[in-house]
Amino acid sequence: MQFEYSYHIFVQMALPKTKHPSDIQIQDYTYKLPDEKIAYFPLPERDCAKLLVYEEGEIKDDIYQNFGNYIPKRALLAFNNTKVVQARLLFPGSGSKPVEFFCLEPANQNTEINQALQQTNKVIWNCMTKRLKKSKETEFTTLLPNGQDPIQLTAKIVGEANGIYQVQFSWTPSDKTFAEVLHLAGLVPLPPYIKRDTNSSDKERYQTVYAMHNGSVAAPTAGLHFTPRIFEQLQKQHIDIDYITLHVGAGTFKPVKAEILAQHEMHSEQIVVEKSFLKKLKASLDKDVIAVGTTSVRTIESLYWFGLKIKLGLYKEDSPLVVGQFDPYDLIDLITPAEALEILISFLDNKGADTLIARTEIMIAPGYRWKFITGLATNFHQPESTLILLIAAFVGQQWEKIYDHALKENYRFLSYGDGSLLFRKT
């Protein structure tokens, strides 16, 4: 391993680097988004949303019911099957309004989130808060309706770092899982730009129809348009469909407030990928690989850099496997995508595991060297966001043409809005 790392240093010195995004100015990736273009409610039918299709410089307008018409034969279509949890908990405080705890992830980031949600009796989670500073208490209690046996839920602050609080939640009776507690007590975590109270329909509509693994505090919104009708169409066309998991964190809404990207800190998110997907992706490298959502993109592209870091001896057994936000620009591509996947498969085989659990902070910005993804289904994103940078990395400066068209043709923007299907030159 030490030899590989030394060789890596030598090659970095000998080869020219790809343009580094740290000096990118975020003001170059903005556009004017009128308030009336933001979708505050979903359409009555998911697959009636408008669909913008971009390929080879051409733009077409359609609806999601016809999504399958644009997917190449033999393509691999990858979805993020994470499930949104009702992560906002309210507790009476000393003020007139309740104190809110927004549950982000387990305090121990090495714990698989879905497993942590199955804990009973008590848990410790990292949380953002509202109105906590106006309250002098550090412990809060509320009663949850549960038939004739109400549940007493207690939140106790046990730590704080950089504005994120470590909160111990405990409940009696203690036989309920934390997932069940959140289902009883929590509110749907709608994005901050949807400035309205949640309603009962949000529990269903701010969730994909294929959601499986609890753990996200925001929906992978590109998937909100998909229905059984679309999946049936894709199946008839023999499109290969598979799933990965990235548990979306609240950082997905974090605006880039810094002038240059070097000053912006990407959020870390947990990914879960089955070995069977790694094998399928390796067998699909001569095909189109289309990601549904930027979360699927970030997960799949991270796989290359996981494999490379293992190859270079940059992974330690007692630490989590992580892709840092600038790793793709600081590391040289010494292996092929196929080799990276083979390394990950062997890595799991050596551990006797069928599932890769890791974390990614990857920032995909102009200058990124694409490894797997050739097509992307995604919604329309906020100005001056890391997601706009990802789109610009994917289609180049044509992102401005695409967004200008969407605005002129009255597409609905952001989480509950319409979407696009983009193809890049390979």
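Here goes a summary of the coordinates provided. (Residues numbered from 1 in each chain as written. Predicted model: local features only at pLDDT ≥ 70, side-chain atom pairs only at ≥ 80, totals over all residues. Heavy atoms only, no water.)

So, the pairing of strand 6 (residues 99–106)
Counting buried positions along strand 6 yields eight of eight residues, so the element is predominantly enclosed. Two strands pair when backbone bridges link them, and strand 6 and strand 7 (residues 122–130) are joined in this way by six bridges, in the antiparallel orientation. Bridged to Cys103 within strand 7 is Cys127. (Buried < 20%, exposed > 50% of the residue type's maximum accessible area, 1.4 Å probe, protein only. Helix = DSSP H or I, 4+ residues; strand = E, 2+ residues; numbered from the N terminus. Pairing = 2+ DSSP bridges.)

Observations concerning the packing of aromatic side chains
For any pair of aromatic rings, the description rests on two quantities: the centre-to-centre distance and the angle between the ring planes. For the structure on display, the rule yields 32 aromatic pairs. On the basis of an interplanar angle of 80° and a centroid distance of 4.9 Å, the ring pair of Phe67 and Phe226 is categorised as edge-to-face. Note that Phe67 is positioned in the loop between strand 2 (58–63) and strand 3 (76–80) and Phe226 in the loop between strand 11 (213–216) and helix 5 (228–236), a separation of 159 residues in sequence. When the centroid spacing of 5.4 Å and the interplanar angle of 50° are considered together, the rings of Trp125 and Phe178 count as tilted. With Trp125 in strand 7 and Phe178 in helix 3 (residues 178–185), this residue pair connects regions lying 53 residues apart in the sequence. Accessibility expressed as a relative area gives 2% for Trp125, which makes it buried. Residue classification places Phe178 among the buried residues on the basis of a relative accessible area of 0%. Aromatic ring contacts, followed pair by pair, group Tyr29, Tyr31, Phe380, Trp399, Tyr403, Tyr411 and Phe413 into a single cluster. (Phe/Tyr/Trp six-rings, centres within 6.5 Å; stacked < 30°, edge-to-face > 60°.)

Things to note about the pattern of salt bridges
Following the criterion strictly, the structure yields 18 salt bridges and no others. Here Asp354 and Lys275 are joined by a salt bridge, their closest N and O atoms 3.5 Å apart. Taken together, the residues span a long stretch of sequence, with Asp354 in the loop between helix 9 (337–351) and strand 16 (355–360) and Lys275 in helix 6 (residues 275–283) at a distance of 79 residues. The exposure class assigned to Asp354 is exposed, which follows from its relative accessible area of 52%. One network of salt bridges, with partners in common, ties together Glu45, Asp47 and Arg229. (Salt bridge = Lys/Arg side-chain N within 4 Å of Asp/Glu carboxyl O.)

Limitation: the analysis is restricted to geometry and does not speak to function.
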